[in-house]
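# Structural overview for review
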Amino acid sequence: MKRYKLIFKGRVQGVGFRYTARILANQLNLTGSVRNLYNYDVECIVQGKVNAIDGFIEKLENQRFIRVDHVEKYELKIVDDEDDFIITY
């Protein structure tokens, strides 16, 4: 089990990124949150099995309207009582 802060750079706002991220996270049993940043990047906090997180990133990089140019990845401390993946504003 791992927890990461991911910063997605590219064409990631205005293309359904947050909603796609939520759907994928739920399918992969991941928890966390996703939000737009003021600099047009998207921040995603994601927690779960490492292979599920890797699959989550890969699927987001291969969406029709989303273009991910770069992903920054920072490891965080696990949150034990988290049980959902939410979109924050």
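Shown above is the structure to which this text applies.
Since the model is a prediction, treat every value here as computed from it, not as a measurement. Here the residue index of a chain counts from 1 through its sequence in written order. Residue-level local features of this predicted model are given only where pLDDT is at least 70; pairs of side-chain atoms are given and counted only at 80 or more, and the full residue set underlies all totals for whole chains, interfaces and linings. Neither water nor hydrogens contribute to the side-chain values; these are computed over all heavy atoms in the structure.

## Remarks on the pattern of salt bridges
The salt bridge criterion pairs a side-chain nitrogen of Lys or Arg with a carboxyl oxygen of Asp or Glu, the two atoms within 4 Å. In this structure the tally under the stated criterion is seven salt bridges. The residue Lys 9 makes a salt bridge to Asp 41 at a minimum N-O spacing of 2.7 Å. With Lys 9 in strand 1 (residues 2–11) and Asp 41 in the loop between strand 2 (31–36) and strand 3 (42–48), the pair connects residues that are 32 residues apart, well separated along the chain. The classification of residues rests on relative accessible area computed with a 1.4 Å probe and restricted to protein chains. Under 20% of the type maximum is buried, over 50% is exposed, and intermediate values are partly exposed. Residue classification places Lys 9 among the partly exposed residues on the basis of a relative accessible area of 24%. Comment: elements are numbered from the N terminus, with helices defined as DSSP H or I runs of at least four residues and strands as E runs of at least two.

## Remarks on the packing of aromatic side chains
Pairing of aromatic rings covers Phe, Tyr and Trp, the last counted by its six-membered ring, and requires centre-to-centre distances within 6.5 Å; plane angles under 30 degrees mean stacked, over 60 mean edge-to-face, and any other angle means tilted. Under the definition given, this model contains two aromatic pairs. To sit over a ring, a charge needs its Lys NZ or Arg CZ within 6 Å of the ring centre and within 35 degrees of the ring normal. For the cation-ring pair, Lys 5 lies above Tyr 74, with the distance from its terminal atom to the ring centre recorded as 5.6 Å. Over the ring of Tyr 4 we find Lys 73; its NZ or CZ atom is 4.4 Å from the centre of that ring.

## As for the side chain of Gln 47
Residue placement: Gln 47 occurs in strand 3. Overall, the relative accessible area of 5% leaves Gln 47 in the buried class. At 2.9 Å, the side chain of Gln 47 and the side chain of Arg 3 are in polar contact. By definition, residues are in contact when any of their heavy atoms lie within 4.5 Å. Not counting the four nearest positions on each side in its chain, Gln 47 is found in contact with Met 1, Lys 2, Arg 3, Asn 29, Leu 30, Thr 31, Ile 53, Ile 78, Val 79 and Glu 82. Nitrogen and oxygen atoms within 3.5 Å of one another constitute a polar contact, given that in protein one can donate a hydrogen and the other can accept it, and given that sequence-neighbouring residues count only through two side-chain atoms.

## Things to note about the nonpolar core
A general feature of soluble globular proteins is that nonpolar side chains tend to end up buried together. Judged by nonpolar contacts, the single largest core of 23 residues is most densely connected at Leu 6, Phe 8, Phe 17, Val 34, Cys 44, Val 46 and Phe 56. Considering each element in turn, this core owes the most residues, five residues, to helix 2 (residues 50–61). Discounting residues that sit within four places of it in the chain, Leu 6 has contacts with Val 42, Glu 43, Cys 44, Val 46, Phe 56, Ile 57, Val 71, Glu 72 and Lys 73. Only buried residues count toward a nonpolar core, which is a set of Ala, Val, Leu, Ile, Met, Phe, Trp, Tyr and Cys residues joined through side-chain atoms within 4.5 Å.

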